[in-house]
Amino acid sequence: MSAALPLKTSSTDTQQALNHRAASPLTYAAEWQRVLHRVNPILSWAGWVHVVFLVLALVLLPFDDRMVTGLPVWVKPAKFALSGLLYLWTLGWLLADLPAEAQKSVRRISWGVALSMVVEMICITGQAARGTTSHYNIASGFDILVFNLMGVFIMLNTVLTIWAVVLVWRHRPHGSAGYVWGVRLGLLLFLVGSVLGGMMIHQNQHTVGAPDGGPGLPGLGWSTRAGDLRLAHFLGLHALQAVPLLGWVIGKVIPRHATLLTWLGAALYASAVGWLFAQALDGKPLIAL
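## Observations regarding the overall build of the protein chain
(1) Moving on: Along the protein chain, the regular secondary structure elements total ten helices and four strands.
(2) Moving on: Starting at the N terminus and walking to the C terminus, you meet the elements of the protein chain as α-α-α-β-β-α-α-α-α-β-β-α-α-α.
(3) Moving on: Here the protein chain holds 289 residues, and the buried ones make up 48% of them.
(4) Moving on: Total accessible area computed for the protein chain in this model is approximately 14300 Å², and 70% of it derives from carbon and sulfur atoms.

Encoded structure:
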């Protein structure tokens, strides 16, 4: 494999399979996963561990009527497992577009991220099994230990994200100009979203102007009576999927102005994150019910 080629494009057969118009969605998804596992088995396997946690939470959900912060106890593990799954597989896919000279760093980042995310899921699932919350829980010495353990690995994941941001700005990912800037700006906004989560840790809850656990949006739990920092945190984190996808589409449709339009799209996305964060700090819910 040439050092100038990204890992994802090193196999002509793989690219032909992915681009085959007659392929069914299931075939396409299976081929996508096969490519991901080849280029980054670490994050691929960590994602499958999250699939196991997700299935476990969904299976237990109908049979456990305990409530934690206003939601069924297994809703939070299910949400975090799904979010972590998207993060791990997206990160693995995006970093595979870096040139070969960056892949040693990618492997190190991948090991740290995989460990961080799996430890977090173990903590969240274990606390759910106990019928309590994992975040901001200082009710006992054990709860404090679990919360602090999560904090250590969240910090590790943030540091590794900074490393990933440096890599994609230092080494040009393979792809159109729109996609390249989408990856760079998407990772940067993901880092911002991660840092916003620190505000929740600082105030030891996610709600502003009311205690955690009040009325919230169905299935999500986002407060409908006070500010909720989770909205800005959520939108910032999922810039990792939204902004590279936006850049890829723009690069395909309007290649001549791809760089400018991708920057503009990322700026609008960042403005939405900032607006949600400011609204939450002001104690205002996104939707008041």
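## Regarding the pattern of salt bridges
Two side chains with opposite charge may pair up if their charged atoms get near one another.
(1) Moving on: According to the stated counting rule, one finds four salt bridges in the structure shown.
(2) Moving on: For arginine 66, the salt bridge is made with aspartate 64, and the minimal N-O distance between the two is 2.7 Å.
(3) Moving on: The class for arginine 66 is partly exposed, based on a relative accessible area of 30%.
(4) Moving on: A salt bridge links lysine 284 to aspartate 282; its shortest N-O distance comes to 3.2 Å.

## Regarding the packing of helix α8 (residues 230-237) against helix α9 (residues 239-253)
(1) Moving on: Orientation of α8 relative to α9, taken along the N-to-C sense of each, is 45°, at an axis distance of 5 Å. The pairing of α8 with α9 is recorded here as oblique in orientation. Here Leu235, Gly236 and Leu237 of α8 lie close against α9, whose contacting residues are Ala239, Leu240 and Gln241.
(2) Moving on: Tallied by class, the residues present in the contact of α8 with α9 amount to four nonpolar, two polar and no charged.

## As for the packing of helix α2 (residues 25-39) against helix α3 (residues 41-60)
(1) Moving on: Relative to each other, α2 and α3 sit at 125°, their axes nearing to 5 Å. Classed by the angle they form, the pair α2 and α3 counts as oblique. Between α2 and α3, the contacting residues are Gln33, Leu36, His37, Arg38 and Val39 on the first element and Pro41, Ser44, Trp45 and Trp48 on the second.
(2) Moving on: Looking at the contact of α2 with α3, its residues break down into five nonpolar, three polar and one charged.

## Here's the deal with the packing of aromatic side chains
(1) Moving on: All told, the structure shown has six aromatic pairs when counted by the stated rule.
(2) Moving on: Each ring, one from tryptophan 48 and one from tryptophan 89, has its centre 5.3 Å from the other, and the planes form 65°; the classification is edge-to-face. Highlighted residues: tryptophan 48 in helix α3 and tryptophan 89 in helix α4 (residues 75-95), separated in sequence by 41 residues.
(3) Moving on: A connected cluster of aromatic rings, assembled from ring pairs, spans Trp32, Trp48, Trp89 and Trp93.

## Some thoughts on α2
(1) Moving on: The end-to-end C-alpha separation of α2 is 21 Å, in line with the 21 Å expected for 15 residues at 1.5 Å each.
(2) Moving on: Taken residue by residue, α2 has Glu31, Gln33, Val35, Leu36 and Val39 as its buried positions.

## Considerations on the nonpolar core
(1) Moving on: In this structure, Tyr87, Leu91, Leu95, Leu98, Ile109, Val113 and Leu187 are the most contacted members of the largest nonpolar core, which totals 27 residues.
(2) Moving on: Elements that contribute at least two residues to this core include exactly α3, α4, α5 (103-129), α6 (141-170) and α7 (177-203).
(3) Moving on: In this view, leucine 95 contacts Gln103, Val106, Ile109, Ala164 and Val168; residues no more than four positions away in its chain are not counted.
(4) Moving on: Ranked by size, the runner-up nonpolar core spans 20 residues in total, among them Leu217, Ala232, Ala239 and Ala280.

## Brief notes about the environment of valine 113
(1) Moving on: By the element assignment, valine 113 lies in helix α5.
(2) Moving on: For the pair valine 113 and tyrosine 87, spaced 26 residues apart in sequence, the C-alpha to C-alpha distance is 9.8 Å.
(3) Moving on: Not counting residues within four places of it along the chain, the set of residues in contact with valine 113 comprises Leu43, Tyr87, Leu88, Leu91, Asn157 and Leu160.

## A closer look at the side chain of glutamine 127
(1) Moving on: Position of glutamine 127 among the secondary structure elements: in helix α5.
(2) Moving on: By relative accessible area, glutamine 127 is classed as buried at 1%.
(3) Moving on: A polar contact is formed between the side chain of glutamine 127 and the side chain of arginine 130, at a distance of 2.7 Å.
(4) Moving on: For glutamine 127, the residues in contact, after removing those within four places along its chain, are Thr132, Thr133, Ser134, Asn137, Phe142, Asp143 and Val146.

## Points about the confidence of the model for the protein chain
Low-pLDDT stretches of the model should not have their predicted coordinates read in fine detail.
(1) Moving on: Of all residues in the protein chain, 88% have pLDDT values of 70 or greater, and the mean over the chain is 86.
(2) Moving on: Here helix α1 (residues 12-19) stands out as the least confident element of the protein chain, with mean pLDDT 47; α3 is the most confident, with 97.
(3) Moving on: Segment residues 1-5 is flagged for pLDDT under 50; beyond a separation of four residues in sequence, or across chains, it makes six contacts in the model.
(4) Moving on: Per-residue pLDDT stays below 50 along residues 10-18; that stretch engages in 16 contacts with residues further than four places along the chain or on separate chains.

The rules behind the values
- Residues numbered from 1 in each chain as written.
- Predicted model: local features only at pLDDT ≥ 70, side-chain atom pairs only at ≥ 80, totals over all residues.
- Heavy atoms only, no water.
- Helix = DSSP H or I, 4+ residues; strand = E, 2+ residues; numbered from the N terminus.
- Buried < 20%, exposed > 50% of the residue type's maximum accessible area, 1.4 Å probe, protein only.
- Areas by Shrake-Rupley, 256 points an atom, 1.4 Å probe, with all protein chains shown as cover.
- Salt bridge = Lys/Arg side-chain N within 4 Å of Asp/Glu carboxyl O.
- Axes fitted to C-alpha atoms, helices over the stretch in contact; angles between N-to-C directions.
- Parallel < 35°, antiparallel > 145°, perpendicular 65-115°, else oblique.
- Contact = heavy atoms within 4.5 Å.
- Nonpolar A, V, L, I, M, F, W, Y, C, P; charged D, E, K, R; others polar.
- Phe/Tyr/Trp six-rings, centres within 6.5 Å; stacked < 30°, edge-to-face > 60°.
- Expected span 1.5 Å × (residues − 1).
- Core = buried A, V, L, I, M, F, W, Y, C linked by side-chain atoms within 4.5 Å.
- Polar contact = N/O pair within 3.5 Å; in protein donor to acceptor, adjacent residues only side chain to side chain.
- pLDDT = per-residue confidence, 0-100.

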